[in-house]
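Analysis of the macromolecular model
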Amino acid sequence: MTAAIPTAPCATARRSGARFELSERHREAMTGYLLILPLFVGVAVLYFYPILRSFELSFMQTGVFRGETFVGLKHYRHLVEDPTMWRALGNSLLYALVGLLEVPLAIVFAALLNTPRLKYLSVYRVLFFLPVVTMPAAVGMVWQLLYNVDYGPINQGLMMLGIPPVAWLTEPGIVIVAVAMVGIWSGLGQSIILILSGLQTVPHDLHEAAELDGAGPVQRFFHVTLPMISPTIFLVAVLNVIKSLQVFDLMYIMVGPKNPVFNDAQTIVTYFFEVGFVEHNRGYAAAIVVSLLGMIMLTTAVQFRLQKKWVHYG
């Protein structure tokens, strides 16, 4: 009769310990997945599904209430031939170009707020950030009054200087710039806060070394500070362009469908709203918004390509 060979206790402990350790890792992973599950479901329902559904609808001819017929690339061919779409594209790009002025303005104000021993810094931050958290509808209505041709404070000030009043919101060549300036005013606080946080991470030793080498305040700012915060500036620029290309609320409230220049001031998103929710042409509206997504991805890719020339990491 063969005697059973006893198993080494240490080997058993190692095997059982390995099984216990693996099980512990699985439990930790499962806990992590469960914690991010609500966020993943929210992103999937509110972002991924609408994108996929819009892409599907862009190939469909839809009815007012229901019914979808596959029409292939018909809507995209119409986009290429649609003069209103090209005008809206030009207006959106002009708005985004003017909106980029927010970046240098934010750098200037953030640098001023970064002055050593500045008093009431928290108060200034709140004052600059208030327009960011103000409802766009309220911002648009207030600036409508400020831009008013007859009694608006801006034109009243111009008349006191001997300058004739300007029809800010009814001149085709001016309205886009006028609304873009309001967009800069309402979003400047967020850009200032981001750049200010970048400024406060610049090592003070670098400024001291540059000062010992004979660099003045202006030279230190352009040759030390700006390269160090260039990643933050790049982030602000990318967010600003994306935000500008999606402008809707300010343009729709300040100009509006009853404005005689509304068709000349259409942006891509206002045109999407008119086609999708006023004309109920959901298929063509989906093609418009898919084209906007493609344009945002393209401009962001170009920005990431160009950042290699001026953004310094590390």
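Residues numbered from 1 in each chain as written. Predicted model: local features only at pLDDT ≥ 70, side-chain atom pairs only at ≥ 80, totals over all residues. Heavy atoms only, no water.

**Quick look at helix H5 (residues 121–133)**
Here H5 spans 19 Å end to end across 13 residues, near enough to the 18 Å set by a 1.5 Å rise per residue. A maximum bend of about 25° is found in H5 at Leu127, where proline Pro131 lies one to four positions downstream. (Helix = DSSP H or I, 4+ residues; strand = E, 2+ residues; numbered from the N terminus. Expected span 1.5 Å × (residues − 1). Bend = angle between axes of the 7 residues up to and from the residue.)

**Quick word on the side chain of Asn259**
Topologically, Asn259 is positioned in the loop between helix H11 (249–254) and helix H12 (268–278). From its side chain, Asn259 meets the backbone oxygen of Leu169 in a polar contact 2.8 Å long. (Polar contact = N/O pair within 3.5 Å; in protein donor to acceptor, adjacent residues only side chain to side chain.)

**Overview of the packing of aromatic side chains**
Scanning the model with the defined rule gives 15 aromatic pairs in all. Aromatic pair Tyr147 and Trp168: ring centres 5.5 Å apart, planes at 35°, arrangement tilted. Note that Tyr147 is positioned in the loop between helix H6 (136–146) and helix H7 (153–160) and Trp168 in the loop between H7 and helix H8 (172–199), a separation of 21 residues in sequence. Ring geometry for Phe248 and Phe273: centres 5.2 Å apart, planes at 50°, overall tilted. Here Phe248, found in the loop between helix H10 (217–245) and H11, pairs with Phe273, found in helix H12; they are 25 residues apart in sequence, far enough to count as distant. In this structure an aromatic cluster arises from ring pairing among Phe248, Tyr252, Phe262, Phe272, Phe273 and Phe277. (Phe/Tyr/Trp six-rings, centres within 6.5 Å; stacked < 30°, edge-to-face > 60°.)

**Section: the environment of Gly72**
Assignment of secondary structure puts Gly72 in the loop between strand E2 (68–70) and helix H2 (74–81). When its relative accessible area of 13% is taken as the criterion, Gly72 is described as buried. Between the alpha carbons of Gly72 and Tyr33 there is a distance of 39 Å; along the sequence they are 39 residues apart. Setting aside anything within four residues of it in sequence, one finds Gly72 in contact with Ser58 and Phe59. (Buried < 20%, exposed > 50% of the residue type's maximum accessible area, 1.4 Å probe, protein only. Contact = heavy atoms within 4.5 Å.)

**Some remarks on the nonpolar core**
Ranked by size, the top nonpolar core spans 21 residues in total, and within it Tyr95, Val175, Val179, Met254 and Val255 carry the most contacts. Listing elements by their share of this core, those giving two or more residues are helix H3 (83–99), H6, H8 and H11. Take this core: its biggest share by element is seven residues, from H8. For Val175, the residues in contact, after removing those within four places along its chain, are Trp168, Leu169, Val255, Val261 and Ala265. Counting residues in hydrophobic clusters, the runner-up holds 18 residues, among them Ala88, Ile268, Val269 and Met295. (Core = buried A, V, L, I, M, F, W, Y, C linked by side-chain atoms within 4.5 Å.)

**Observations regarding the packing of H10 against helix H13 (residues 282–306)**
In contact at an axis separation of 10 Å, H10 and H13 are set at 160° when each is read in the N-to-C sense. Between H10 and H13, the angle falls in the class roughly antiparallel. In terms of crossing hand, the pair formed by H10 and H13 is right-handed. Between H10, through Phe234, Ala237, Val238, Val241, Ile242 and Leu245, and H13, the contact on the second element is made entirely by Leu292, Met295, Ile296, Thr299, Thr300, Gln303 and Phe304. For the contact of H10 with H13, the class distribution of residues is ten nonpolar, three polar and no charged. (Axes fitted to C-alpha atoms, helices over the stretch in contact; angles between N-to-C directions. Parallel < 35°, antiparallel > 145°, perpendicular 65-115°, else oblique. Left-handed = near helix turned anticlockwise from the far one by under 90°. Nonpolar A, V, L, I, M, F, W, Y, C, P; charged D, E, K, R; others polar.)

Don't take any of this as a statement about function, it's just geometry.
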